[in-house]
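# Structural description and commentary
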Amino acid sequence: MIQAQNFLSNYPDFRSHCDNIDYSGITSPVDGVFYEGVSTHIPESVQIEVKANLDALIGRPVKINHLFMRLSKEGVNAPHEAHTDATMGTYSMMLYLNRQDDCKGGTALLRHKSGLDSNPKTQEDYELWEEEQKITDKWEVTEMAFMEENKACVFDAYRMHRSEPTGGFGNNNENGRLVMVAFFD
């Protein structure tokens, strides 16, 4: 996992923008699942900076496949807890957009107690994941990126992970768990 502090140069203005947009959600064109709390209202200047910063962080040009923000207020029911992003790209980026006073948790890389830590390769692994992906005590945290204001973490999209804390936090756009997500190759 790669982590980068102070990822966006104009973070305070962008964070203010985030307070005032709609996070009603979207249906993913990849898996057909409706994801509540999602917005694609990201100014073009921020999109350009995210791409440039990812190019620099990875050390070569990247192709962003999907870029969005996800607001997870307390009580949110995520379609998946332990999951991979392998159908979305080679890498996943989580950029924490909470103000420092509202930062909690982060992103946990996981291993199932059976050893499963990446995209299921067999039908047996898939069935195990499908049955137990929301049973927290079946998974061990192998690495943790703790949420800090304007910090990005990048990891291989095939790795099992989940947002922490599960179930989100906060009750509005200003204090709810907010991340910008990029899936890229």
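Our subject is the structure listed above.
Here goes a summary of the coordinates provided. Treat the numbers as computed from the prediction; the structure is a model and nothing was measured.

Attention now moves to the overall build of the chain. Along its length, the chain carries three helices and eleven strands. Ordered by position in the sequence, the α and β elements of the chain form the string β-α-β-β-β-α-β-β-β-α-β-β-β-β. Whereas a compact globule of 185 residues would reach a radius of gyration of roughly 16 Å, the chain reaches 16 Å, a difference of no more than 12%. Each principal axis of the C-alpha distribution contributes one length, and for the chain these read about 45 × 40 × 30 Å. Looking at the chain as a whole, 45% of its 185 residues are labelled buried. When the accessible surface of the chain is split by element, carbon and sulfur atoms take 46% of a total near 9,100 Å². A distance of 2 Å separates the average location of the 17 positive side-chain charges in the chain from that of its 29 negative side-chain charges.

Strand pairing in a sheet is mediated by backbone hydrogen bonds. Such pairs are either parallel or antiparallel. Taking strand neighbours across the sheet as the criterion, the three strands line up as 8-7-10 in an open arrangement whose pairing is antiparallel. Edge positions in the sheet fall to strand 8 (139–146) and strand 10 (161–164), since each has one partner strand and no second. Pairwise comparison of adjacent strand axes, ignoring direction, gives a mean angle of 30° for this sheet.

The next subject is a negative patch on the surface. Taken together, the side chains of E124, E127, E130 and E131 present a region of like negative charge at the surface. For E127, the position within the fold is in helix 3 (residues 123–132). The exposure class assigned to E127 is partly exposed, which follows from its relative accessible area of 45%.

M69, M93 and M180 are the most contacted members of the largest nonpolar core, which totals 27 residues. The set of elements that each furnish at least two residues to this core consists of helix 1 (11–19), helix 2 (44–58), strand 5 (64–72), strand 6 (91–96), strand 9 (152–156) and strand 11 (177–184). Formed by 16 residues, the second largest nonpolar core is a distinct cluster that contains F68, M94, F155 and V181.

Our focus in this paragraph is the side chain of R159. Examined against the element boundaries, R159 turns out to sit in the loop between strand 9 and strand 10. It turns out R159 is buried and unbridged, and the closest side chain with the opposite charge, E143, is 4.5 Å from it. The residues touching R159, leaving out its near neighbours within four places in the chain, are H83, T84, L109, D117, S118 and T142.

Before going further, it helps to spend a moment on unusual backbone geometry. Omega for the bond connecting E164 with P165 falls within 30 degrees of zero, at -10°, which places this linkage in the cis form. Mapped onto the elements of the fold, P165 is located in the loop between strand 10 and strand 11. Of note in the backbone geometry, N150 takes a positive phi value of approximately 60° without being a glycine. The residue N150 is located in the loop between strand 8 and strand 9 in this model. Using a relative accessible area of 4% as the deciding quantity, one classes N150 as buried.

Sheet architecture is open: six strands sit in the order 1-9-6-11-5-4, paired in antiparallel fashion. Every other strand in the sheet has two partners, leaving strand 1 (2–4) and strand 4 (38–39) as the edge strands with one partner each. Where strand 5 meets strand 11, eight bridges bridge the pair, whose relative direction is antiparallel. By the bridge assignment, I64 is partnered in strand 11 with F184. Relative to the sheet, helix 1 contacts strand 5, strand 6 and strand 11, its axis offset from that of strand 11 by approximately 105°.

In this structure the tally under the stated criterion is six salt bridges. Notably, a salt bridge pairs R15 with D19, separated by 2.5 Å at the nearest N-O pair. You can see R15 and its partner D19 sitting in helix 1, four residues apart, about one turn around the helix. Side by side, R15 and D19 carry an identical accessibility label, which is buried. For D55, the salt bridge is made with K51, and the minimal N-O distance between the two is 2.9 Å. With a gap of four residues between them, D55 and K51 both fall in helix 2, about one helical turn apart. Classification of K51 as partly exposed rests on a relative accessible area of 28%. What you see here is one network of salt bridges that share partners, running through R15, D19 and R99.

What counts, and at which threshold
- Residues numbered from 1 in each chain as written.
- Predicted model: local features only at pLDDT ≥ 70, side-chain atom pairs only at ≥ 80, totals over all residues.
- Heavy atoms only, no water.
- Helix = DSSP H or I, 4+ residues; strand = E, 2+ residues; numbered from the N terminus.
- Rg over C-alpha atoms; globule rule 2.2 N^0.38 Å.
- Buried < 20%, exposed > 50% of the residue type's maximum accessible area, 1.4 Å probe, protein only.
- Areas by Shrake-Rupley, 256 points an atom, 1.4 Å probe, with all protein chains shown as cover.
- Lys, Arg positive; Asp, Glu negative; His and termini not counted.
- Charge placed at Lys NZ, Arg CZ, Asp CG, Glu CD.
- Pairing = 2+ DSSP bridges.
- Axes fitted to C-alpha atoms, helices over the stretch in contact; angles between N-to-C directions.
- Patch = residues over 30% accessible without salt bridge, like charges linked within 9 Å, V, L, I, M, F, W, Y side chains within 5 Å.
- Salt bridge = Lys/Arg side-chain N within 4 Å of Asp/Glu carboxyl O.
- Core = buried A, V, L, I, M, F, W, Y, C linked by side-chain atoms within 4.5 Å.
- Contact = heavy atoms within 4.5 Å.

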